[in-house]
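Close look at the chain arrangement
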Amino acid sequence: HWVLDKMFPKFFIFLAISAYLFADTPIRPISTYSIVAFDEKTGQLGVAVQSHWFSVGTVVPWAKAGVGAVATQSIAEPSYGPEGLALMEKGIPADEVLQSLLAKDSGENVRQIGMVDANGNVGAHTGARCIRYAGHKIGKHYSVQANIMAKPTVPNAMSKAFENAKGDLAERMLVALEAAEEEGGELRGKQSAAILVVSGTPSGDVWKDRVVDIQIGDHHDPLGELRRLLNISKAYYHAQKGDEYMEKDKMDLALQEYSLAANLYPENPELPFWTAVTLAQTGELEKALPIFKEVFSKNKSLRELIPRIIESGFLKDDQEMVDQILNQ
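Residues numbered from 1 in each chain as written. Predicted model: local features only at pLDDT ≥ 70, side-chain atom pairs only at ≥ 80, totals over all residues. Heavy atoms only, no water.

1. A short note on the packing of helix 7 (residues 222-247) against helix 8 (residues 251-264)
- As a packed pair, helix 7 and helix 8 sit with axes 8 Å apart at the nearest point and diverge in direction by 165 degrees. Viewed along their axes, helix 7 and helix 8 adopt a mutual orientation that is roughly antiparallel. Helix 7 and helix 8 meet at a crossing whose hand is left-handed. Facing Asn 231, Lys 234, Ala 235, His 238, Ala 239, Lys 241, Gly 242, Asp 243, Tyr 245 and Met 246 of helix 7, the residues of helix 8 in contact are Met 251, Leu 253, Ala 254, Glu 257, Tyr 258, Leu 260, Ala 261 and Leu 264.
- Grouping the constituent residues of the contact of helix 7 with helix 8 by class yields 11 nonpolar, three polar and four charged. (Axes fitted to C-alpha atoms, helices over the stretch in contact; angles between N-to-C directions. Helix = DSSP H or I, 4+ residues; strand = E, 2+ residues; numbered from the N terminus. Parallel < 35°, antiparallel > 145°, perpendicular 65-115°, else oblique. Left-handed = near helix turned anticlockwise from the far one by under 90°. Contact = heavy atoms within 4.5 Å. Nonpolar A, V, L, I, M, F, W, Y, C, P; charged D, E, K, R; others polar.)

2. Thoughts on the sheet that holds strand 2 (residues 45-51)
- Spatially, the six strands line up as an open sheet ordered 7-8-1-2-9-10, and their pairing is antiparallel. In the strand order of this sheet, the two ends are held by strand 7 (135-139) and strand 10 (210-216), each with one partner. Between one strand axis and the next, the sheet turns by 5 degrees as a mean value, whatever way the strands run.
- Pairing between strand 7 and strand 8 (residues 142-146): five bridges, direction antiparallel. When the bridges of strand 8 are listed, His 136 appears paired with Gln 145.
- Across the sheet, helix 4 (residues 154-164) touches strand 1 (32-38), strand 7 and strand 8, and the angle it forms with strand 8 is around 150 degrees.
- Across the sheet, helix 7 lies against strand 1, strand 2, strand 9 (192-198) and strand 10, angled at about 150 degrees from strand 10, the strand it touches most. (Pairing = 2+ DSSP bridges.)

3. Some details on the pattern of salt bridges
- Following the criterion strictly, the structure yields 16 salt bridges and no others.
- Salt-bridge contacts for Asp 105 lead to Arg 111; the nearest nitrogen and oxygen are separated by 2.7 Å.
- Look at Asp 105 and you get buried, because its relative accessible area is 14%.
- Judged by its relative accessible area of 9%, Arg 111 is buried.
- For the salt bridge of Arg 210 with Asp 213, the shortest nitrogen-to-oxygen distance reads 3.5 Å.
- Overall, the relative accessible area of 42% leaves Asp 213 in the partly exposed class.
- The network of salt bridges with shared partners includes Asp 168, Glu 171, Glu 178, Arg 227 and Lys 234. (Salt bridge = Lys/Arg side-chain N within 4 Å of Asp/Glu carboxyl O. Buried < 20%, exposed > 50% of the residue type's maximum accessible area, 1.4 Å probe, protein only.)

4. Some words on the nonpolar core
- Judged by nonpolar contacts, the single largest core of 27 residues is most densely connected at Ile 35, Met 173, Leu 177, Ile 195 and Leu 226.
- Listing elements by their share of this core, those giving two or more residues are strand 1, strand 8, helix 4, helix 5 (169-182), strand 9, strand 10 and helix 7.
- Listed in part, the 25 residues of the second largest apolar core include Met 251, Ala 254, Phe 296 and Ile 306. (Core = buried A, V, L, I, M, F, W, Y, C linked by side-chain atoms within 4.5 Å.)

5. Thoughts on the packing of aromatic side chains
- For the structure on display, the rule yields six aromatic pairs.
- Ring centres of Phe 292 and Phe 296 lie 5.6 Å apart, and the angle between their planes is 25 degrees; this geometry places the pair in the stacked category. Of this pair, Phe 292 and Phe 296 are both found in helix 10 (residues 285-298), four residues apart, which corresponds to roughly one turn of the helix.
- Judged by its relative accessible area of 2%, Phe 296 is buried.
- Among the aromatic residues, ring-to-ring pairing joins Tyr 258, Phe 273, Trp 274, Phe 292 and Phe 296 into one connected group.
- Positioned above the aromatic ring of Tyr 133, the side-chain terminus of Arg 132 is 5.2 Å from the ring centre. (Phe/Tyr/Trp six-rings, centres within 6.5 Å; stacked < 30°, edge-to-face > 60°. Lys NZ or Arg CZ within 6 Å of the ring centre and 35° of its normal.)

6. Concerning the confidence of the model for the protein
- With 91% of its residues at a pLDDT of 70 or more, the protein has an overall mean of 91.
- Contacts from residues 1-27, a stretch scored under 50 in pLDDT, to residues over four places away or in other chains number five contacts. (pLDDT = per-residue confidence, 0-100.)

7. Observations concerning the environment of Val 322
- Position of Val 322 among the secondary structure elements: in helix 12 (residues 319-326).
- Excluding residues within four positions of it along the chain, Val 322 makes contact with Ile 306, Ile 310 and Lys 316.

8. Comments concerning unusual backbone geometry
- Across the junction of Arg 132 and Tyr 133, the peptide omega takes the value -5 degrees, indicating a cis bond.
- Secondary-structure assignment places Tyr 133 in the loop between strand 6 (122-126) and strand 7.
- Positive phi, normally seen in glycine, also occurs at Asp 249, with a value near 65 degrees.
- By the secondary structure assignment, Asp 249 is in the loop between helix 7 and helix 8.
- When its relative accessible area of 57% is taken as the criterion, Asp 249 is described as exposed.

9. What to know about the environment of Ala 165
- Structurally, the position occupied by Ala 165 is in the loop between helix 4 and helix 5.
- Distance in space between the C-alpha atoms of Ala 165 and Tyr 237 is 22 Å, their sequence separation being 72 residues.
- Sequence-distant contacts of Ala 165, defined by excluding residues within four places in its chain, comprise Arg 172 and Val 175.

Right under this line is the structure:
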């Protein structure tokens, strides 16, 4: 009884101190490969990552329009994200920012970080205690980093793929992730992935500055799902632009955007629906009718939407035209 009485208070004090010290720190390494990059043509900044860790998109990627992008992984310290961006926003180059943060981090030897700023400056770090195979490679306006890989060649494969890829920044970063997986990927497997891309010029509204923001929290094929959702994301980007043009009564531009959206994601009948609506609204009903027919065959509920969009002023209140549409 004396031993229990003496030891229990100390035991609970130990538990309390441990909980405080490690509450926000992953106690297992996050086996991850990622890329941070700056697109000099558009000014966009981005991070793409795949990991054997749940919901990696809530830990690793950080980016701010017109400022920079950060990937923080291995025994991840999330504060590198907001603190790194805050320093880059003051005009300090990414490599200097990274070194200043590492200098005050007692755990720097288990950290892996990539940073890029809005001028294309890059910094990267792989701590000496990051589990092999671990490493990074810096290229022009980008850095790739990986830990607990099946092969030491993963960073080189990512670098080569990114430099040779075509398309926008999100597409090229995803190609880099796919190259990592093809090279052997993570030793422990795969679980989650994310892509974050922000615009080159900040608008003052964070939601407007996010060009792409996709997170796959838990999936047997996170990169396959990421590619599927990236394609859908592009479709809805054009659909949103179409909505904006329709609101401003710029029907020709709205039609272009809705058509792009429908071509990117033909599985969703709502996207060609708005193409048909815009055609009908601009006097090209004959072109619109076959689209309406196909749309209604896939989703009968969209037929019921016709009178509602007339009420809201998105389609002319022309009974003859409406009858032809509804008869499809």
